[in-house]
Amino acid sequence: MNPYILSILLFGLGLGTTITFASSHWLLAWMGLEMNTLAIIPLMAQHHHPRAVEATTKYFLTQAAAAATLLFASITNPWLTGQWEIQQITHPLPTTMITLALALKIGLAPLHAWLPKVLQGLDLTTGLILSTWQKLAPFALILQIQPSNSNTLIISRLASTLIGGWGGLKQTQLRKILAYSSITHLGWMILVLQFSPSITLLTLLTYLIMTSSTFLVFKLNKSTNINTLATSWAKAPALTALTPLILLSLGGLPPLTGFMPKWLILQELTKQGLAPTATLAALSALLSLYFYLRLSYAMTLTISPNSLLGTTPWRLPSTKMTYPLATSTTLTICLLPLTPAMSALLTP
């Protein structure tokens, strides 16, 4: 892609998210979301591969349906209450429609079916943008309407954690596994949103760091399925040794960074008297942990098959920039000791 066009598209992505962040009016927020969608579509279809075009079409139709629902709900709210402000949404009908539209935009269960299929058709760089940056603007709106909308998201909470865990069990494609991982983490964020939005933001931040690390590792190794992970030791032995720590951090094992948000969420749910919910959420995390362990096993404890599909690649020096990968990997592995400081910051 022409670098000037790429710069314009990336600027459009940033501008759309910034407009949604800064808006207090529903039409401005909707306009920012639309700019986001229109900017990422050329990035998704840039390789002109049939799967990429199919994924782009599915993404466009899904986002168009969510945007239409959001626009209809944002017009219905002033018709019923006379208020255009995001913070002033009080009527249950537009509140429910807006919540469903935003859940469809980010891929929350039960409106999640498009996410694994779309992510599977994209290259890893665009998949990274879709899994991280594209979640920010809708999530900002969910955080703003949260005080008046605690009941609508109840179904999505545990459903996302359970569906994300069950769906990833049988997958062999890495991008689909990361899509179900995204659904699971979104479920954890929504789980505590009603009680502590600050913990939700912390969970979102750690999810962005860990997911970025995972995508960058797979991109460096050019891995798209579990079989190709087994040959990655020949490309980057040190990175192959660190990758299981990144995956286990995504699974939430101590003493890694991913344990921190799960720890704080379970603690907050227990404080609120929701011990059964906390127990079910913790048990659902075991489902996700299984497929992270499966990836770790395939990457570090197996010898690649001696077939044409699994031939060992040449160990050529990498020309890719590894500073973002080094930074995100360090943060993914080493942030757990900062938990007391994070708890102090999150305490009102």
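Residues numbered from 1 in each chain as written. Predicted model: local features only at pLDDT ≥ 70, side-chain atom pairs only at ≥ 80, totals over all residues. Heavy atoms only, no water.

## A closer look at unusual backbone geometry
With an omega of 5 degrees, the peptide bond between A109 and P110 qualifies as cis. Mapped onto the secondary structure, P110 falls in the loop between helix 4 (92–106) and helix 5 (114–120). A cis amide bond links P254 to the next residue, P255, at an omega of 5 degrees. By secondary structure assignment, the location of P255 is in the loop between helix 12 (237–251) and helix 13 (259–271). Even without being a glycine, H48 presents a positive backbone phi close to 55 degrees. Here H48 lies in the loop between helix 2 (26–44) and helix 3 (50–81). H48 sits in the exposed class, given a relative accessible area of 67%. (Helix = DSSP H or I, 4+ residues; strand = E, 2+ residues; numbered from the N terminus. Buried < 20%, exposed > 50% of the residue type's maximum accessible area, 1.4 Å probe, protein only.)

## Some words on the packing of helix 10 (residues 197–221) against helix 15 (residues 323–334)
Running from N to C, helix 10 and helix 15 point in directions that differ by 135 degrees, and their axes come no closer than 9 Å. With respect to helix 15, the axis of helix 10 lies oblique. For the pair helix 10 and helix 15, the sense of crossing is left-handed. For the pair helix 10 and helix 15, contact is made by I209, M210, S213, L216, V217 and L220 and by P324, L325, S328, T329, L331 and T332, respectively. By residue class, the composition of the contact of helix 10 with helix 15 is 8 nonpolar, 4 polar and no charged. (Axes fitted to C-alpha atoms, helices over the stretch in contact; angles between N-to-C directions. Parallel < 35°, antiparallel > 145°, perpendicular 65-115°, else oblique. Left-handed = near helix turned anticlockwise from the far one by under 90°. Contact = heavy atoms within 4.5 Å. Nonpolar A, V, L, I, M, F, W, Y, C, P; charged D, E, K, R; others polar.)

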